[in-house]
Amino acid sequence: MTLLAPLARLARATLAGLARAWSDFWFQSSSTTPLEIARIGIGAAVLFHYAMATPFLFELWGDDGLMPRAAALDTLEDSWMQSVFFYFTAPWQWIAFHALFLACCAAFMVGWRTSWVKWIVLVGQISYDYRNSTIAYGADSIVACLLVILCLAPIGRALSLDRVRAVRAAKLDDLQAAVPPYAGPWANACTRLMQIQMVALFFYTGVEKIRGDEWWSGDAVWLALTTYEFYNPVLLNVIARQYWIVTFVTYATIMLEIAYPFLIWQRRTRPYLLAAALLLHVMFAVGLGLVYFSFVMILGHLSFARPEWLHALAAWWKRRIGGMEMVYDGRCALCVRSMAWLLAFDGLGQLATRDLRTSPFPPVPDTRAEDALCLILADGRTLPALAALRHVVLRVPGLWWLVPLLYLPVVSRLFGQLIHHRLAAERSRPAAGELSVLPRAPVQP
């Protein structure tokens, strides 16, 4: 009995330590940012990939195309391998589904109604793969696997229009309201699943490579570049004169793919392994033309980016841009709505706000309609409405999509006139319950 008691305590302590390690690995509270980056990239990649195939829709996936329905069904290994295309009977059904799929890919990319459009993207990806397996390759399988993880994950909570809608709703009630970023244990678990997916891919491909004689001899890269599919005469001319590059890249690829599954988890070695993996796929994209495959793999590898790296990048960007304070008229309903809209896209919190009615600032005159919105920079400069907006959209990443509206010559002029007239009309309208407004000097011609 004297020996059993210490052994029992040791066993309980060991099991408790293993349970804590398991919980820490899988279920720490974490943000969805790595998953959101993968969502944006995969949505964009799938959208571009299938949009480019639109002219060949019936040729690639139609019943009278390269793969008739009967032949496609014969390639399936079991009844669980399904495609919505197996149930279409009229051409309009192919067109309608393809249009819906592309629309959902776009919505998935920007994070609009993410909770349900992600499932349509997954069903569509699987349906295209199973309908014509002769044109599906490794990248399609990887995309499908990553989409399964993203469908299980609580995505759409950051870097998305769903997040913008939630923040805007809160800001409309109170511009100073703060919507805390989402974090949860399930987000961390899904991130771990994506990381394990990438580790398994690298380990499997590394093991397969060392089973081939061409990898042991150091000639594998040369043999790949001389095939019809990957033939690159410019690159071949360079490495033919410096053949040691072929040997180095061949052995370095094997070493990386074998070492990656073990060293990527270590805090000290992760930056080097991650940088090497990203460089490898850039080389695949440039040298072998595997752009789609390389882009998807890079997105998967980015799941290993530490949150502190992203926070440091955001802090560096804010320091580089400097402080920006947006002054608005709190009695102008359009101004308040515009501020709520701008702040909803300001995920980094770069914009400060000031209501000129409750906290006046001397350099901001109440003499022109467009001065209902203006921007005060860190160096003391003041920019009026349109110039303020042009300044902000280049420096707030969430507003970069507005750059064409504000910088293309003809479009920017029309958009600027629209903003001017809307603000002028709104500020000239008395606020509800007011008998008069503050006096304003006439607008100078």
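What comes next concerns the included structure. Note that the structure is a prediction, hence the values are computed from the model and not measured.

Parameters and conventions
Residues numbered from 1 in each chain as written. Predicted model: local features only at pLDDT ≥ 70, side-chain atom pairs only at ≥ 80, totals over all residues. Heavy atoms only, no water. Helix = DSSP H or I, 4+ residues; strand = E, 2+ residues; numbered from the N terminus. Rg over C-alpha atoms; globule rule 2.2 N^0.38 Å. Buried < 20%, exposed > 50% of the residue type's maximum accessible area, 1.4 Å probe, protein only. Contact = heavy atoms within 4.5 Å. Areas by Shrake-Rupley, 256 points an atom, 1.4 Å probe, with all protein chains shown as cover. Lys, Arg positive; Asp, Glu negative; His and termini not counted. Salt bridge = Lys/Arg side-chain N within 4 Å of Asp/Glu carboxyl O. Phe/Tyr/Trp six-rings, centres within 6.5 Å; stacked < 30°, edge-to-face > 60°. Lys NZ or Arg CZ within 6 Å of the ring centre and 35° of its normal. Axes fitted to C-alpha atoms, helices over the stretch in contact; angles between N-to-C directions. Parallel < 35°, antiparallel > 145°, perpendicular 65-115°, else oblique. Left-handed = near helix turned anticlockwise from the far one by under 90°. Nonpolar A, V, L, I, M, F, W, Y, C, P; charged D, E, K, R; others polar. Core = buried A, V, L, I, M, F, W, Y, C linked by side-chain atoms within 4.5 Å.

From N to C terminus, the protein includes 20 helices and six strands. Its C-alpha atoms give the protein a radius of gyration of 28 Å, more than 25% over the compact-globule value 22 Å for 445 residues. Taken along its principal axes, the extent of the C-alpha atoms in the protein is 85 × 80 × 55 Å. By the burial criterion, 40% of the 445 residues in the protein qualify as buried. Long-range contacts, defined as pairs at least 24 residues apart, comprise 73% of the intrachain contacts of the protein with a sequence gap of at least 6. Here the protein displays about 24300 Å² of accessible surface, and carbon together with sulfur accounts for 68% of that area.

Mapped onto the elements, Arg192 comes out in helix H9 (residues 185-210). Asp24 provides the closest opposite charge to the buried, unpaired Arg192, separated from it by 9.1 Å. With residues near it in sequence (within four places) discarded, Arg192 still touches Phe25, Trp26 and Trp265.

The subject of this paragraph is the packing of aromatic side chains. One pass over the structure, following the stated rule, counts 26 aromatic pairs. Summarising the aromatic geometry, the rings of Phe58 and Trp94 are spaced 6.3 Å apart at their centres and angled 50° between planes, so their arrangement reads as tilted. With Phe58 in helix H3 (residues 57-61) and Trp94 in helix H5 (residues 91-110), this pair connects stretches of sequence that are 36 residues apart. Among the residues examined, Phe58 registers a relative accessible area of 36% and is labelled partly exposed. Taken together, the ring pairs connect Tyr50, Phe58, Trp61, Phe85, Phe88, Trp94, Phe97, Phe101 and Tyr128 into an aromatic cluster. The ring of Phe25 is capped by Arg192, whose NZ or CZ atom sits 4.3 Å from the centre of that ring. Over the ring of Tyr407 we find Arg390, and its NZ or CZ is 4.2 Å from the ring centre.

Direction vectors running N to C along helix H8 (residues 161-173) and helix H17 (residues 333-345) enclose 140°, while the axes themselves pass 8 Å from each other. Comparing the axis directions of H8 and H17 gives the class oblique. For H8 against H17, the interelement crossing comes out right-handed. Taken together, the residues of H17 that come into contact with H8 (itself represented by Leu161, Val164, Val167, Arg168, Lys171 and Leu172) are Arg337, Ala340, Trp341, Leu343, Ala344 and Phe345. Partitioned by chemical class, the residues of the contact of H8 with H17 number nine nonpolar, no polar and three charged.

What follows is about unusual backbone geometry. Phi angles above zero are rare outside glycine, and Arg113 is one such case at about 50°. The phi angle at Leu159 is positive, at roughly 50°, despite the residue not being glycine. Relative to the helices and strands, Leu159 resides in the loop between helix H7 (138-152) and H8.

Here we take up the packing of H7 against helix H15 (residues 291-301). Between H7 and H15, the shortest axis-to-axis distance is 9 Å and the interhelical angle comes to 30°. In terms of axis orientation, H7 runs roughly parallel to H15. Remark: the crossing between H7 and H15 carries left-handed chirality. Note on element contacts: H15 touches H7 through Tyr292, Phe293, Val296 and Met297, opposite Ala139, Asp140, Ile142, Val143 and Leu146. Class assignment for the residues of the contact of H7 with H15 results in eight nonpolar, no polar and one charged.

With that settled, consider the pattern of salt bridges. Per the counting criterion, the structure on display carries nine salt bridges. Residue Lys209 is joined to Glu257 by a salt bridge in which the shortest nitrogen-to-oxygen separation is 3.2 Å. A residue pair is termed long-range when its members are at least 10 positions apart, and Lys209 in helix H9 and Glu257 in helix H13 (residues 244-263) qualify at 48 residues. Of the charged contacts in the structure, one is a salt bridge between Arg267 and Glu308, with a shortest N-O distance of 3.1 Å. Here Arg267, found in the loop between H13 and helix H14 (270-288), pairs with Glu308, found in helix H16 (residues 307-321); they are 41 residues apart in sequence, far enough to count as distant. Shared partners join several salt bridges into a network, and the residues in it are Asp63, Arg69 and Arg131.

This part takes up the nonpolar core. Looking at soluble globular proteins, one finds that nonpolar side chains tend to be buried together. Counting 54 residues, the largest nonpolar core has Ile42, Val46, Phe101, Leu150 and Tyr260 as its most contacted members. For Tyr260, the contacting residues outside a window of four places in its chain are Met198, Val199, Phe202, Leu273, Ala277, His301 and Phe304.

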